[in-house]
Structure formats: C-alpha cells, structure tokens
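One letter stands for each residue in the lines below.
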Amino acid sequence: MRPVPAPRPGVSADIVDTTRGGGRVLGLTFDDGPNPADTPRLLDVLRRHGITAVFCLWGEHVDAHPDLARRIVADGHTLGNHSMRHEDMSSWSPERIEADLREADAAIRRAVPGARIPYFRAPYGAWGRTPAVAAAMGMRPLGWRLALGDWDPPGTDELVRRLRDGITPGAVVLLHDGGGDRSQTVDAVERVVPVLAAEGWRFALPRRPDWP
C-alpha cells in the first residue's frame, strides 16, 4: 500500500466546517443528490432568495440524472464529490479511495464537462484516509458544524426549529436533497431562509485557503 499522498499546493487536508466572511454568515450544503423528486424545487427556492450552496453529489445519482447536475451548475452552485456509491470509506486504502473519487469525478464531468469540483465530503462523515487523498486531488474536505438529521425526517417544524436553534456564526450546515424523501428539508429551507435573511444572516460558501 502506497503512502497517503501529500495535498495539492494551496489545498488543505484539514476538514473545513466554517464559511468565508465574518458575523452572521452560514453555509448551506446538500448531500446525496441529485434527486428528481426534490432537487428541482430546492433549486427554485435557492434561486428565489439568491442563495449559492454546495451540492455534494453521489456519482450513481449523477449518472441517473445528469440533467439535474447540469441545472445545479447552471444555477451557480458549487459542487462536491460525495463518492460514487455512498459507501463507508473509513477503512479503505488510499488507492481504493482515489479510484472511487476519480470515478465520481468522471460521472460528474460526463454530465457537466469541465465541472469544477472543489470539495469532497465523506459518506456518513466516515473520513478515514479520505481527507489527504481528496486534498491531493485538489478537493478540500468539507465537514459541518450543524447537521439537522434530515436523513430521518422529523417533520418540517422540527427541522426549522433545529436550524433556528442550532446555527452559529460561520457554521456550515449539513442538509440533504437526495437519498430519500427530502420534501421536508425543502419545505424547511423555504420557510426559514427569509426569516434568517430578515434577521441579518447572509449565506456564503465554505472556506478554502486558495480562495479569497
């Protein structure tokens, strides 16, 4: 087994969980899509409110719905690699991780030729050796400060409450637009975003040391 590779110059292997900018800023990130049942409506909500988010794409789902991957990029959102098959990678060798991430990158770029993929998020948050491999491929490992637990939908009201009560300045927030019925997530985002904006919150991308 070869050694864990060194990060690409300017790309940290440290897992980022904060946004660019100070004060009342948060970053919305969405995992496990694209999903034809919920991603289009989520994109409509984000467009209405002028929000740019990160979509961490599941390679198999991109292959199934390339048109939605194209729409995500066309709407100005940023992409993350969320692996090809959403498996626990925590015990994998660097070689196996790299092969999977390259396969997912290829799926994304089949749908969106030349797509920029600046982030990687490990399925289940099971990182293992993935941060170093992702950084060597030019992707910043993307974590979170607040996970709403929407993978087991608790109801829209509860998701709104968790977001309102849990956010802190600079937090990256983990939500999902795929992997199951995510209609409650979309409803919660639609309800809470205008309230947060009225309270002075802004929305930004996660930090990368090679970006201003």
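Throughout, residues of each chain are indexed from 1 in the direction in which the sequence is written. Under the rules for a predicted model, residues below a pLDDT of 70 receive no local features and side-chain atom pairs below 80 are neither given nor counted, while totals for whole chains, interfaces and linings still include all residues. Note that water and hydrogens are dropped before the side-chain values are worked out from all heavy atoms of the structure.

**Looking at the packing of aromatic side chains**
Each aromatic ring pair is summarised here by two numbers: the centre-to-centre distance and the angle between the ring planes. Working definition: a ring pair exists when centres of Phe, Tyr or Trp rings (six-membered ring for Trp) sit within 6.5 Å. Plane angles under 30 degrees give stacked, over 60 give edge-to-face, the rest tilted. Applying the stated criterion across every chain yields a total of two aromatic pairs. With a centroid separation of 6.0 Å and an interplanar angle of 80°, the aromatic rings of F120 and W127 are classed as edge-to-face. Grouping residues by exposure puts F120 and W127 together as buried. Only Lys NZ and Arg CZ are tested; either one counts as a charge over a ring when it is within 6 Å of the ring centre and within 35 degrees of the ring normal. The ring of W92 has R96 sitting right over it, with the charged end atom 3.8 Å from the ring centre. For every residue, the accessible area obtained with a 1.4 Å probe (protein chains only) is divided by the maximum for its type, and the residue is called buried under 20%, exposed over 50%, and partly exposed between those limits.

**Some remarks on the environment of R191**
Examined against the element boundaries, R191 turns out to sit in helix α7 (residues 183-198). On the accessibility criterion, R191 (42% relative accessible area) is partly exposed. For the pair R191 and S12, spaced 179 residues apart in the sequence, the C-alpha separation amounts to 35 Å. Not counting residues up to four positions away in its chain, the partners in contact with R191 are T156, D157 and V160. Only DSSP runs of H or I with at least four residues qualify as helices, and only runs of E with at least two residues qualify as strands; both kinds are numbered from the N terminus onward. Working rule for contacts: check all heavy atoms of both residues, and any pair within 4.5 Å makes them a contact.

**A few points about the pattern of salt bridges**
When a carboxyl oxygen of Asp or Glu lies within 4 Å of a side-chain nitrogen of Lys or Arg, that pair is called a salt bridge. A full pass over the atoms with the stated rule returns 18 salt bridges. For D17, the salt bridge goes to R145, with nearest N and O atoms at 3.9 Å. Here D17, found in the segment before β1 (25-31), pairs with R145, found in the loop between β5 (140-141) and β6 (146-147); they are 128 residues apart in sequence, far enough to count as distant. Under the relative-accessibility criterion, R145 is labelled partly exposed at 44%.

**Structural notes on helix α1 (residues 39-48)**
Within an α-helix, residues lying three or four positions from one another point in the same direction, as the helix has 3.6 residues per turn. Among the residues of α1, T39, L42, L43, V45 and L46 are the ones counted as buried. All buried residues of α1 project into a common sector of 160° when viewed along the axis, lining one side. In this structure, α1 carries R47 and R48 as exposed residues pointing more than 90 degrees from its buried face. Buried residues in α1 make contact with β1, β2 (54-57), α3 (66-74) and α7. This arc describes the spread of directions from the helix axis toward the C-beta atoms.

**Notes on α3**
Buried residues of α3: L68, A69 and I72, and no others. End-on view of α3: buried residues confined to an arc of 105°, all on one side of the axis. Where α3 is buried, its residues meet α1, β2, α2 (59-64), β3 (78-81) and α4 (94-111). Taken from the residues just after α3, G76 is the one with a positive phi, measuring 90°.

**Observations regarding the packing of helix α6 (residues 156-166) against α7**
In helix packing, the relevant descriptors are the interaxial angle and the interaxial distance, both defined with respect to the helix axes. The convention used is that axes are lines fitted to C-alpha atoms, helices contributing only their stretch in contact, and that angles between N-to-C directions extend from 0 to 180 degrees. Running from amino to carboxyl end, α6 crosses α7 at an angle of 45°, the nearest separation of the two axes being 9 Å. Overall, the two elements α6 and α7 adopt an arrangement that is oblique. The way α6 lies across α7 gives a crossing that is right-handed. Here α6 contributes T156, D157, L159, V160, L163 and R164 to the contact with α7, which in turn contributes Q184, T185, D187, A188, R191, V192, V195 and L196. Angular relationships are summarised with four words: roughly parallel below 35 degrees, roughly antiparallel beyond 145, roughly perpendicular across 65 to 115, and oblique for the angles in between. Handedness of a crossing is defined here by the sense of rotation of the near helix relative to the far one, left-handed for an anticlockwise turn of less than a right angle and right-handed for a clockwise turn.

**As for the nonpolar core**
By convention a nonpolar core is built from buried Ala, Val, Leu, Ile, Met, Phe, Trp, Tyr and Cys residues, the set being connected through side-chain atoms within 4.5 Å. Residues L28, F30, L46, F55 and V173 are the most contacted members of the largest nonpolar core, which totals 46 residues. Per-element tally for this core: the top contributor is α7, with six residues. If we skip the residues at most four places from it in the chain, F55 touches F30, T39, L42, L43, L46, I72, H77, T78, L79, G80 and D177. Within the second largest apolar cluster, seven residues are counted, among which are V54, Y119, L142 and V172.

**Some details on unusual backbone geometry**
The omega torsion across G33 and P34 is 0°, close enough to zero to call that bond cis. By secondary structure assignment, the location of P34 is in the loop between β1 and α1. Phi at D32 takes a positive value of approximately 80°, unusual for a residue other than glycine. Counting through the fold element by element, D32 comes out in the loop between β1 and α1. Looking at D32, the relative accessible area reads 6%, which means it is buried.

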